[in-house]
Amino acid sequence: MQPNHSGELPDEVLRDAAQVVGAEITLVRRLPGGVNAGSLQVQLDGGTRAVLKAEPRIHSHQLDETLRAQRIAEHLRGRGYPTPAWLGVGATSTHVWHLTDFVDATPASELTPDLITQLMGIIELQAGEATEPYDHWSYAWRVATGRESTDVTETAEQVGLRRAIARLPGHSPEVSTLVERLRQMCTGAPPPPEAPDVVHADLATPSNVLVRDAEVVAVVDIGNAGSGTRAIDLTALVWYTFRDPQLDGARQQLWTRILDLVGWDAAAVLAASHILHMLEIPIRGGHEDVVPEVVTRGHHALDELTSLD
């Protein structure tokens, strides 16, 4: 199978999407961001603009996971949550794809104090809206504590990430010291009792925030969304705020809200889990130059959280 002029996207994916939605689909352009086969702007017969995303099919449950994300997106849209409608989901022998409405807005290049305030309001719309048993909170607890649980079913990606994180101490003494500090903070932390909220799980990536005239009009890339506590998304924003001193005030607001929602012990678990993932990403990718900065930022985050105990 030869890829067409869209790049890595096989023609078979485009044909399958057209069959599912019942309309001819024309490729318009590649959009910034996206992974694997990327994010493509397309036009449906009749003029509707849409975004087509496809990922290589790497495990048997991948289509089910994408369908789960579609259900979450449509549930949230019914509650006024600003995420595009999903027009179709499907799979070929090589890819899983989904098609969403095109939003005429620009991906944020960075998160500003005002955008973070807006995102905090959007995250509140996730409160009590969990509908799928894909629990990010219990997963964060397992990552942070290094403990196992037989009460949950993990995705293939979650299993792989936990195994990779378990190997982090062998990377270097500096990484080992940070991991040990994280584990000690979470010693004795009980498993979370419930997962009432929707968790977006990638809301702190600026390109997932679409803006128009400095207003957030949509959040996208909801493919890994599930249940848990919305404090998980707030914790990801905390990590982002260390990039710019102008975000220090926003970070204090975020810490305050996280502690109000889940308390200090659970906040430590969420922070530890996020830091461990931020360590795993550059180490897996071979970006050794990034690791020292992540270690420094990790200790800084823990120092701040400890001061709030």
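Residues numbered from 1 in each chain as written. Predicted model: local features only at pLDDT ≥ 70, side-chain atom pairs only at ≥ 80, totals over all residues. Heavy atoms only, no water.

A closer look at the overall build of the chain
Within the chain, the regular secondary structure consists of nine helices and 10 strands. Against the globule reference of 19 Å for 309 residues, the chain gives a C-alpha radius of gyration of 20 Å, in line with a compact fold. Summarising its shape, the C-alpha atoms of the chain cover approximately 60 × 40 × 40 Å along the three principal directions. Taken across its 309 residues, the chain has 52% of its residues classed as buried. For the chain, long-range pairs separated by at least 24 residues make up 68% of all intrachain contacts whose partners lie at least 6 apart in sequence. Put simply, the chain shows about 14300 Å² of open surface, and 49% of that area lies on carbon and sulfur atoms. (Helix = DSSP H or I, 4+ residues; strand = E, 2+ residues; numbered from the N terminus. Rg over C-alpha atoms; globule rule 2.2 N^0.38 Å. Buried < 20%, exposed > 50% of the residue type's maximum accessible area, 1.4 Å probe, protein only. Contact = heavy atoms within 4.5 Å. Areas by Shrake-Rupley, 256 points an atom, 1.4 Å probe, with all protein chains shown as cover.)

Description of the nonpolar core
Of all hydrophobic cores here, the largest spans 73 residues; its most connected members are Leu119, Ile258, Val262, Leu279 and Leu305. A per-element tally of this core places helix H8 (residues 248-285) first, with 16 residues. Residue contacts for Leu279: discarding those within four places in its chain leaves Leu168, Val175, Leu178, Val179, Val294 and Val295. With 16 residues, the next largest nonpolar core counts Leu14, Ala18, Ala23 and Trp97 among its residues. (Core = buried A, V, L, I, M, F, W, Y, C linked by side-chain atoms within 4.5 Å.)

Describing the side chain of His200
Here His200 lies in the loop between strand E7 (197-199) and strand E8 (209-212). A relative accessible area of 1% places His200 in the buried class. Reaching out from His200, the side chain makes a polar contact with the backbone nitrogen of Leu203 at a distance of 3.3 Å. Of note is the side chain of His200, whose polar atom sits 2.9 Å from the backbone oxygen of Val220. Non-local contacts of His200, meaning those with residues more than four positions away in its chain, are made with Tyr81, Gln126, Val219, Val220, Asp221, Ile222, Asn224, Ala225 and Asp233. (Polar contact = N/O pair within 3.5 Å; in protein donor to acceptor, adjacent residues only side chain to side chain.)

Focus: the pairing of strand E5 (residues 95-101)
With six of its seven residues buried, E5 lies for the most part within the structure. Bridge count for strand E4 (residues 86-91) against E5 is five bridges, and the pairing is antiparallel. Following the sheet pairing, Gly88 is matched in E5 by Leu99. Once E4 ends, the chain turns through three residues before running back antiparallel as E5. (Pairing = 2+ DSSP bridges.)

Topic: H8
An α-helical segment advances 3.6 residues per turn. Residues three or four places apart therefore align on the same side. With 38 residues, H8 should cover 56 Å at 1.5 Å per step; its first-to-last C-alpha distance of 29 Å lies more than 12% under that length. The sharpest bend along H8 reaches about 110 degrees and sits at Gly263. (Expected span 1.5 Å × (residues − 1). Bend = angle between axes of the 7 residues up to and from the residue.)

Things to note about the sheet that holds strand E9 (residues 215-219)
The sheet built from three strands is open, its strands ordered E6-E8-E9 with antiparallel pairing. Two strands lie at the open edges of the sheet, namely strand E6 (106-107) and E9, each paired on one side alone. One ladder, built from four bridges, connects E8 with E9; its direction is antiparallel. Within E9, the residue paired with Val209 across the bridge is Val219. Contacting E8 and E9, helix H3 (residues 113-124) runs over the sheet at an angle of about 45 degrees to E9. (Axes fitted to C-alpha atoms, helices over the stretch in contact; angles between N-to-C directions.)

Comments concerning the packing of helix H4 (residues 136-145) against H8
Geometry of a packed helix pair, given as the angle between the helix axes and the separation of the axes. Remark: H4 packs on H8, axes separated minimally by 8 Å, with the N-to-C direction vectors making an angle of 70 degrees. Classified by the angle their axes make, H4 and H8 are roughly perpendicular. Within the contact between the two elements, H4 uses Trp137, Tyr139, Ala140, Trp141, Val143 and Ala144 and H8 uses Val262, Ala266, Val269, Leu270, Ala272, Ser273, Leu276 and His277. Taken together, the residues of the contact of H4 with H8 sort by class into 12 nonpolar, two polar and no charged. (Parallel < 35°, antiparallel > 145°, perpendicular 65-115°, else oblique. Nonpolar A, V, L, I, M, F, W, Y, C, P; charged D, E, K, R; others polar.)

Things to note about the packing of H8 against helix H9 (residues 291-307)
Taken N-terminus to C-terminus, the directions of H8 and H9 make an angle of 160 degrees; their axes are 10 Å apart at the nearest point. One finds that H8 runs roughly antiparallel with respect to H9. Crossing of H8 against H9: the hand is left-handed. Of the residues belonging to the contact of H8 with H9, the class tally is 17 nonpolar, three polar and two charged. (Left-handed = near helix turned anticlockwise from the far one by under 90°.)

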